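Read off the chains here:
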Amino acid sequence: MSSIAERVAAGAAVLDRHRPGWHRQIDLACLDARRDDYLDVLSQLYGDFEHGASALYEAANGSGAADVWGLTSPTSCWARDYGFDIDTPAWDVLGAYAELADQWRAEIARRQQANQAPAAATQPEAEALRRLAEAINSAYQRGQSTISAAPVDVAGVPGLNLYNHTSPRGPQPLDTVWHVGPGEPLPSGDGRRATAACLVWGPAYNWSAPATDIHAAASHIVQTAGCWPDRAADHPEPPREVG
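Here is a short report on the structure shown in this document.

What counts, and where the lines are drawn
Residues numbered from 1 in each chain as written. Predicted model: local features only at pLDDT ≥ 70, side-chain atom pairs only at ≥ 80, totals over all residues. Heavy atoms only, no water. Salt bridge = Lys/Arg side-chain N within 4 Å of Asp/Glu carboxyl O. Helix = DSSP H or I, 4+ residues; strand = E, 2+ residues; numbered from the N terminus. Buried < 20%, exposed > 50% of the residue type's maximum accessible area, 1.4 Å probe, protein only. Phe/Tyr/Trp six-rings, centres within 6.5 Å; stacked < 30°, edge-to-face > 60°. 1 Å grid on protein atoms, 1.4 Å probe; cavity = no way out; pocket = protein on both sides within 12 Å on 5 of 7 lines; lining within 4 Å. Points joined across faces, edges and corners; volume = space filled by probe spheres on them. Nonpolar A, V, L, I, M, F, W, Y, C, P; charged D, E, K, R; others polar.

### A few points about the pattern of salt bridges
On inspection of all chains with the given rule, the structure shows nine salt bridges. When the shortest N-O distance is used, the salt bridge between D102 and R34 registers 3.0 Å. Placement of the pair is D102 in helix α5 (residues 93-115) and R34 in the loop between α1 (4-18) and α2 (41-46), with a sequence separation of 68 residues. Given a relative accessible area of 33%, D102 falls into the partly exposed group. With a closest N to O distance of 2.8 Å, E107 and R110 form a salt bridge. Residue E107 and its partner R110 are both found in helix α5; the two are separated by three residues, about one turn of the helix. Here E107 falls in the buried class, since its relative accessible area comes to 7%. One continuous salt-bridge network, built from bridges that share partners, spans D16, E107, R110 and R111.

### Thoughts on the packing of aromatic side chains
Within this structure, the stated rule accounts for six aromatic pairs. Ring geometry for W22 and W104: centres 5.7 Å apart, planes at 90°, overall edge-to-face. Highlighted residues: W22 in the loop between α1 and α2 and W104 in helix α5, separated in sequence by 82 residues. There is no split in this pair, since W22 and W104 are both buried. Ring centres of W78 and F84 lie 5.8 Å apart, and the angle between their planes is 25°; this geometry places the pair in the stacked category.

### With respect to empty space enclosed by the protein
In the structure shown here, the tally under the stated rule is one cavity of 30 Å³ or more. Considered as a void within the structure, the largest cavity measures approximately 40 Å³ in volume. For the largest cavity, the full set of lining residues is L31, Y38, D40, V41, L42, G83, F84, L100 and W104. Taken together, the residues of the lining of the largest cavity sort by class into seven nonpolar, one polar and one charged.

Encoded structure:
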């Protein structure tokens, strides 16, 4: 069996892929098994441990497990192996949960320290896409959208995959968002170039939005994702001069 640190690191990596920015949503005061108001990571992120474990298991494995819970159920074993639950049996259950929670606090601290690194160490396009993913996922978590986003990197090119959560089969891929710098060709292949740093929704579209207006871009994306064709997206108005 892997160590607690290894299991928690694996679980944190899964959250990085499927719930970007998750470490900013954790109340560290409640992530203390020695307190009466202790709430584990999944309960804080999803509102309920079993719901969170099932949703994350499905996202990570591409399919859902049977809706059966027990010490040997696939979801329970997966949650344990990825550091979301303690290994059983345990003589000191409270101590086991405290040790697990402390390791999660260490993982979160490492991510917080990384976020405080100099901005020059972060690629501008990757940073813009990270903030866009957070804006899209924030709307999804508040029930204002059925679209979520997950960062991807294809041959060194960062992007966001969009997923629709209305299907009973689980999250379904919709499209990809790319970042394009000023003067770079748009991904539609028609020879047009970006007039300013922008976010482009999908290789079939030329829609763009200033990378500085992340929330406006996120709002447009979640409103038009999956619409074929999106005429407003294909023929955006040129940016207006300011001043």
